[in-house]
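Take a look at the letters that make up each chain.
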Amino acid sequence: MKKILTLASILVASGWSTQAADTTVKLSNVHLCCNSCVKGVDKANTSVTGAKAQSDKDAGTVTINAPDKPTAQKAVDALVAAGYFGASSDPGIKVTATSGAKNGKVQSLKVSGVHLCCNKCVTSVTDAVSKVPGVKGNTAAKGVESFDVTGDFNAKDVFAELNKAGLSGKAGK
């Protein structure tokens, strides 16, 4: 009896996989100050079928494993939407936070969507926005969905500092 070899069986016999390669991306400098932050990452990731996130609270990293790059990108996007930010280890997977803030000076800015599960999160937000020249104060508090930043400052600079602190958010109206 003769064997008929298909291309797939030849590739498998040669050590090649016929499935797409798994993708792993590590996000560094993610705000993970407590176990509730880690739970927030886990919750955000549940919306992306096939992706798994592993947080290292002490290192401030989130490692995402997915079956392919598009799924990994969706998982990263879900984390940003949940109020987190970080630097990607894979140049093909972008961490993009579109705040909607306009470049230019404002006296007041409503910020929403920032992860604020505990007082350490609030302290991180306060520390970040206080680095923006002209910011006089903010109303960030544990568990709020939005807060106000006041002073005479550039709105885009607020989000740049939040991103540096491992957080993301949106400009409100």
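The paragraphs below set out a description of the structure included in this document.

Assigned secondary structure in the chain consists of five helices and eight strands. Ordered by position in the sequence, the α and β elements of the chain form the string α-β-α-β-β-α-β-β-α-β-β-α-β. The long-range share in the chain, meaning contacts at least 24 apart out of those at least 6 apart in sequence, stands at 66%. Approximately 9,900 Å² of the chain is accessible, and the part contributed by carbon and sulfur atoms is 54%.

All right, on to the environment of glycine 100 then. For glycine 100, the position within the fold is in the loop between β4 (87–88) and β5 (105–112). On the basis of relative accessible area, glycine 100 is assigned to the exposed category, the value being 55%. Residues glycine 100 and alanine 171, 71 residues apart in the sequence, show an inter-C-alpha distance of 5.5 Å.

Moving on to the sheet that holds strand β6 (residues 135–138). The sheet built from four strands is open, its strands ordered β6-β7-β5-β8 with antiparallel pairing. Of all the strands in the sheet, just β6 and β8 (170–171) have a single pairing partner and so form its edges.

Further remarks concern the sheet that holds strand β1 (residues 23–28). Spatially, four strands are ordered β2-β3-β1-β4 in an open sheet, and the strand pairing comes out antiparallel. Of all the strands in the sheet, the pair left with one neighbour each is β2 (52–56) and β4. Here five bridges tie β2 to strand β3 (residues 61–66), and the two strands are oriented antiparallel to one another. Of the residues in β3, the one forming a bridge with serine 55 is valine 62. Contacting β2 and β3, helix α2 (residues 35–45) crosses the sheet at an angle of about 170° to β2. Helix α3 (residues 69–81) contacts β1 and β3 of the sheet and is inclined by roughly 145° relative to β3.

Cut-offs and rules
Residues numbered from 1 in each chain as written. Predicted model: local features only at pLDDT ≥ 70, side-chain atom pairs only at ≥ 80, totals over all residues. Heavy atoms only, no water. Helix = DSSP H or I, 4+ residues; strand = E, 2+ residues; numbered from the N terminus. Contact = heavy atoms within 4.5 Å. Areas by Shrake-Rupley, 256 points an atom, 1.4 Å probe, with all protein chains shown as cover. Buried < 20%, exposed > 50% of the residue type's maximum accessible area, 1.4 Å probe, protein only. Pairing = 2+ DSSP bridges. Axes fitted to C-alpha atoms, helices over the stretch in contact; angles between N-to-C directions.

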